[in-house]
Structures are given as structure tokens and as C-alpha cells.
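Observations on chain architecture
The primary structure of each chain is shown beneath.
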Amino acid sequence: PGQWTRVIALTELPADDVAAAHAGGREIALYRVGNDVYATDNICTHGHARLCDGFLDGHEIECPLHQGKFDVRNGRALCEPLTEDIATLAVKVENGDVFIEI
Ligand code: FES
């Protein structure tokens, strides 16, 4: 287990939107699906594209470069051209701030 690090205020992450943050020397993408928040690495496992620039549809983030899709809940690669899952990070929301474990 890592350390809980504050990355963003919940108000900066509108419902059904994705935002980017830096923590622990990593680029993180944060997703809000309804009232739930999820975090993954921001850089796609297929090429050098940022998932924060992609399109979030329910629990699926679509990469802006070749339209690969990941499930933001578990990082699973859902379709071609992806062959590798993406790393996820534990998230908690406290007093209106979003923390990830890193
Ligand atoms: Fe993301 Fe190719 S870089 S699908």
C-alpha cells in the first residue's frame, strides 16, 4: 500500500468527465461516473496518447488516438488495438477532495 495523496477537488471533476493530475511522478487520469471516482494511469498502454483527452461513456474510456477502450473500474482493455490493461489506483473522496493511493 502506498500513501494517500490529494490530487483534485471533487468540484473540479464534473460528473461523467475525465481530468488529469500528477502524483508520485506519474500522470493520472481521474474519472467521475455518477458519484463514483476512479483513477488509472493517464498514458494509454498502446501508444503515447492521454486518456484524459478521450471520451468517457459510462465506465468506458475511449482513447483519443485509436479508439481503444478501457474499463475505468479495473483497467481492463476491452477492444482492439489494445493488448494490455492499464494500471488502476485506489481512490477515496474526503471532505470534497479526491485522494489516490500511490
Ligand atoms: Fe490508445 Fe492506440 S494509443 S489505442
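Residues numbered from 1 in each chain as written. Predicted model: local features only at pLDDT ≥ 70, side-chain atom pairs only at ≥ 80, totals over all residues.

Here we look at the overall build of the chain
Using the following cut-off: Secondary structure counts use DSSP, requiring at least four H or I residues in a row for a helix and at least two E residues in a row for a strand, with both numbered from the N terminus. Values of the radius of gyration come from C-alpha atoms, whereas the globule rule sets the reference at 2.2 Å times the count of residues to the power 0.38. Note on burial: count the other C-beta atoms lying within 10 Å of the residue's C-beta; 20 or more is buried, 12 or fewer is exposed, in between is partly exposed, and C-beta positions come from the backbone.
For the chain, the helix and strand inventory stands at zero helices and ten strands. Taken over the C-alpha trace, the chain has a radius of gyration of 13 Å; the compact-globule value for 102 residues is 13 Å, and the two agree within 12%. Expressed as lengths along the three principal axes of its C-alpha atoms, the size of the chain is roughly 40 × 25 × 20 Å. Out of the 102 residues belonging to the chain, those deemed buried represent 29%.

Topic: the sheet that holds strand β10 (residues 97-101)
Backbone hydrogen bonds are what pair the strands of a sheet, in a parallel or an antiparallel way. Put simply, the test is: A pair of strands is treated as paired once DSSP finds two or more bridges between them. Angles here are taken between N-to-C directions and fall from 0 to 180 degrees, while the axes themselves are lines fitted to C-alpha atoms, restricted in helices to the stretch in contact.
Pairing is antiparallel in the open sheet, where three strands are placed in the order β1-β10-β9. The sheet terminates laterally at β1 (4-9) and β9 (91-94), the two strands that pair on one side only. Neighbour to neighbour, the strand axes of the sheet diverge by 35 degrees on average, direction disregarded. Where β1 lies against β10, five bridges are found, and the strand directions are antiparallel. Of the residues in β10, the one forming a bridge with W4 is E101.

With respect to the sheet that holds strand β5 (residues 55-57)
Sheet architecture is open: three strands sit in the order β5-β6-β7, paired in antiparallel fashion. The open sheet has two edge strands with one neighbour each: β5 and β7 (69-71). This sheet shows a mean twist of 25 degrees between the axes of neighbouring strands, independent of strand direction. Examined bridge by bridge, strand β6 (residues 60-62) and β7 share three bridges and lie antiparallel to one another. The residue bridging E62 from the neighbouring strand is K69, located in β7.

Looking at unusual backbone geometry
A cis amide bond, omega 5 degrees, links E80 with the succeeding residue P81. The topology assignment puts P81 in the loop between β7 and β8 (88-89). Its identity as a non-glycine residue notwithstanding, D16 has a phi of 60 degrees, on the positive side. Assignment of secondary structure puts D16 in the loop between β1 and β2 (18-23).

None of the figures reported here should be taken as evidence of function without further support.
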